[in-house]
Amino acid sequence: MLKKILLIEDDKFLRELMNKKLLTMGYDVVCAADGESGLVAIKDSKPDVVLLDLILPGMNGFEVLEKAKKDPETAKVPVVILSNLGQSEDIEKGLKLGAKDFLVKAHFTPQEIVTKLKAIIE
Amino acid sequence: MYEEVSNFKETKEETLRRVRVALLNILEDTEESRKEAVDEKNKTMAIIENLTDGILLLNRKNEIEIISPPVVDFLRREKEEVIGKNAFEFFSGEDFKPFREKLIDEEKKKIKQLFRQEISIGERLDLEVTTVLLKDEAKDKGVLIIFHDVTRDKLVERMKTEFVSISAHQLRTPLSAIKWTLRMVLDGDTGKLNDEQQELLEKTYVSNERMISLINDLLNVSRIEEGRFLYKQEPGKLEDVINAVVNSSQELLKMKKIILKMNLSQDIPLVNIDKEKMELAVQNLLENAAKYTPEGGSIDISLEKHEAEVVFKIKDTGVGIPETEHERIFTKFFRGENVIKMETEGSGLGLYTTRNIIDAHRGKIWFESKEGEGTTFFFSLPFAKQTLTA
């Protein structure tokens, strides 16, 4: 069965690019454009890993992460933060809340991101 | 007989007069001492009343004896409502919860010993509080509580963090889109490119990368602060910092085919460091060494234990610093003349920031250099003391 990746990203273009890359690499992709629907999608689609943006309309990524980790049903789903925030406070906060990794978008190519995800899924 | 009596009388009178003079002298001295004491008290009160820091003085029974005007503001109580009150009772009010929690040791029923601890009263007020136990020989004489208002500092700090956070995010998002698109096109995800297309887009990609790193530099808070302020200073291993920096610089070294040799001696004592800042300092030195060393050159990094300090050394086989410019090397915006001709990028802030960081750590930084042969930078940091001031 194809491994499933949930992509929570509000920027349409970035979402499309990442979606395309993940599909090319042979993953099943589910997308969400804001925090609320992202949180629902973590529950409903049971992804193998979540790629989570932080600055999102409505509920932000930190809240999504916190809620997902509190819910026993979704607590075990690995979450990788993919954001353009990147100050040490943000990184610390993200990892403390239980993120597997914190990737700054501008510092990674799509290929590098996929490699990171692959390592986590397998 | 008469004579004797009169003699006796005179002696008595004499004595009385002497006693009176002595008494008057004593009285005068006392009056003088009293005046002096009053003067001293007035002076002390004038100092206390006019200090920008707030002062609260408790006597031996923990009753509030002195409250200075800033504290009246901080507590939002009139002076008359406070003076003479027992501090424990006074701070038991609901609106003084943050004070009570920080100041009072409920178990031992006494004021805690504090040094620059933060008390935050909602959005309104941030204070740094220090308590000093007043003693003479064996007796406790009370407690001095000093409040330093840091509300403005905190506000500016928050605004700065927010500004950096938001601008970094806003600027990076479109650049990420460009980076990702270019990379995917270059990697052939959208079909094969001809050589010319490949080459042009490759160059665009490099330009975009430069923009990203420029924004990183521009929005690096440590750089904005020029390395002057340390936040989290704790005993740590300088080796760890060096290893982290070296690991993240592998690409740069590989690109310039530079051979890096590391010689970190064993059992280096801990030093008090702000890890993030120290990484920036080491990174600046390593980047400089790599940038100004021609392809195929070498860089030696070593770490040694000296008598009371740890000495870091980084030696390159680069272009060196012209003798005439040695004095100005750590000044802001300085760039070597020989280096400007090489057309390498540089802001002239690296060594300036690095020196500030080392200074803030109470360390020393220096260098030796010969144009055309290379440069060696050194810095030393004192060993971390066993006992840390809280």
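Quick look at the structure, then. (Residues numbered from 1 in each chain as written. Chains lettered and ligands numbered in written order. Predicted model: local features only at pLDDT ≥ 70, side-chain atom pairs only at ≥ 80, totals over all residues. Heavy atoms only, no water.)

This part takes up the nonpolar core. Residue and element names in this part refer to chain B. Judged by nonpolar contacts, the single largest core of 36 residues is most densely connected at Leu238, Met278, Ile299, Phe312, Ile314, Phe377 and Phe379. Contributing elements (two or more residues each) for this core: helix H9 (238–248), strand E10 (271–274), helix H11 (275–291), strand E11 (298–305), strand E12 (309–316), helix H13 (350–360), strand E13 (364–370) and strand E14 (374–382). Here this core gets eight residues from one element, more than from any other, and that element is H11. The residues touching Phe377, leaving out its near neighbours within four places in the chain, are Leu285, Phe312, Lys313, Ile314, Ile321, Ile329, Phe330, Leu351, Trp366 and Phe367. (Core = buried A, V, L, I, M, F, W, Y, C linked by side-chain atoms within 4.5 Å. Buried < 20%, exposed > 50% of the residue type's maximum accessible area, 1.4 Å probe, protein only. Helix = DSSP H or I, 4+ residues; strand = E, 2+ residues; numbered from the N terminus. Contact = heavy atoms within 4.5 Å.)

The next thing to look at is the packing of aromatic side chains. All names here are of chain B. Overall, the coordinates contain twelve aromatic pairs over all chains when judged by the stated rule. When the centroid spacing of 5.8 Å and the interplanar angle of 25 degrees are considered together, the rings of Phe91 and Phe99 count as stacked. Between the aromatic rings of Phe367 and Phe377, the centroid separation amounts to 5.4 Å while the plane-to-plane angle is 35 degrees, which identifies the pairing as tilted. Taken together, the residues Phe367 in strand E13 and Phe377 in strand E14 connect sequence positions ten residues apart. Of the two residues, Phe367 and Phe377, neither departs from the other in class, the shared state being buried. Connected via pairs of aromatic rings, a cluster forms that spans Phe74, Phe90, Phe91, Phe96, Phe99 and Phe147. (Phe/Tyr/Trp six-rings, centres within 6.5 Å; stacked < 30°, edge-to-face > 60°.)

On to the interface of chain B and chain A, then. Each side of the interface is counted separately: chain B has 24 residues, and chain A has 26 residues. For the pair chain B and chain A, the summed buried area comes to about 2,100 Å², and 61% of that belongs to carbon and sulfur atoms. Taken together, the links from chain B to chain A amount to one salt bridge. We note a salt bridge from Lys21 of chain A to Asp189 of chain B, for which the minimum N-O separation is 2.7 Å. For the pair chain B and chain A, the number of links is nine residue pairs in polar contact (both at pLDDT 80 or more). Elements supplying a minimum of two residues to the side of chain B that touches chain A: helix H6 (151–186) and helix H7 (195–218) of chain B. (Buried area = accessible area lost by both parts, 1.4 Å probe. Salt bridge = Lys/Arg side-chain N within 4 Å of Asp/Glu carboxyl O. Polar contact = N/O pair within 3.5 Å; in protein donor to acceptor, adjacent residues only side chain to side chain.)

Right, let's talk about the pattern of salt bridges for a bit. Considering all chains together, one arrives at 24 salt bridges over all chains under this definition. Between Glu106 of chain B and Arg100 of chain B there is a salt bridge; the shortest N-O distance is 3.9 Å. One salt bridge connects Lys277 of chain B with Asp274 of chain B, and the closest N-O pair in it is separated by 3.7 Å. Considered together, Lys277 of chain B and Asp274 of chain B belong to a single accessibility category, that of buried residues. If you follow the salt bridges from partner to partner, you end up with Glu9, Asp53 and Lys105 of chain A in one network.

Taken together, the side chains of Glu89 of chain A together with Asp149, Asp153, Glu157 and Glu276 of chain B make up a negatively charged region of the molecular surface. Tracing the sequence through the fold places Glu276 of chain B in helix H11. (Patch = residues over 30% accessible without salt bridge, like charges linked within 9 Å, V, L, I, M, F, W, Y side chains within 5 Å. Areas by Shrake-Rupley, 256 points an atom, 1.4 Å probe, with all protein chains shown as cover. Lys, Arg positive; Asp, Glu negative; His and termini not counted. Charge placed at Lys NZ, Arg CZ, Asp CG, Glu CD.)

Residue and element names in this part refer to chain B. With antiparallel pairing, the five strands of this open sheet are ordered in space as E2-E1-E7-E6-E5. Two strands in the sheet have a free side with no partner beyond their single neighbour: strand E2 (64–67) and strand E5 (117–121). Neighbouring strand axes in the sheet, compared pairwise and without regard to direction, differ in orientation by 25 degrees on average. As judged from the five bridges shared by strand E1 (residues 54–58) and strand E7 (residues 139–149), these two strands associate in the antiparallel manner. Bridge assignment links Leu58 to a residue of E7, and that residue is Val143. Across the sheet, H6 touches E5, strand E6 (125–136) and E7, and the angle it forms with E6 is around 140 degrees. (Pairing = 2+ DSSP bridges. Axes fitted to C-alpha atoms, helices over the stretch in contact; angles between N-to-C directions.)

With that settled, consider the sheet that holds E13 of chain B. Residue and element names in this part refer to chain B. On the basis of which strands lie adjacent, the open sheet formed by five strands has the order E9-E11-E12-E14-E13 and mixed pairing. If you trace the sheet from one side to the other, it starts and ends with strand E9 (259–264) and E13, each paired once. Within the sheet, the average angular offset between the axes of one strand and its neighbour, ignoring direction, is 10 degrees. Where E11 lies against E12, seven bridges are found, and the strand directions are antiparallel. Bridge assignment links Leu303 to a residue of E12, and that residue is Phe312. Helix-sheet contacts for H11 involve E9, E11, E12 and E14, and the interaxial angle to E12 is about 25 degrees. Along the sheet face, H13 touches E13 and E14 and points at about 140 degrees away from the line of E13.

All right, on to the environment of His361 of chain B then. Residue and element names in this part refer to chain B. Relative to the assigned elements, His361 resides in the loop between H13 and E13. Sequence separation between His361 and Phe229 is 132 residues, and the spatial gap between their C-alpha atoms is 9.5 Å. When neighbours within four sequence positions are excluded, His361 is seen to be in contact with Leu230, Gln233, Asn272, Ile273, Asp274, Lys277, Met278, Leu381 and Pro382.

A few words now on the pairing of strand E2 (residues 28–32) of chain A. Residue and element names in this part refer to chain A. Two elements, strand E1 (residues 4–8) and E2, share five bridges in a ladder whose sense is parallel. For Leu6, the partnering residue across the bridge sits in E2 and is Val30. Each parallel crossover has a hand, and the one from E1 via helix H1 (residues 12–24) to E2 is right-handed. (Right-handed = clockwise from strand over helix to strand, strands pointing away.)

Let's shift gears to unusual backbone geometry. All names here are of chain B. The phi dihedral of Asn62 is positive, around 65 degrees, even though this residue is not glycine. Mapping Asn62 onto the fold places it in the loop between E1 and E2. At Arg76, a residue that is not glycine, the phi angle is positive and equals roughly 55 degrees. Residue position: Arg76 is located in the loop between helix H2 (69–75) and helix H3 (79–82).

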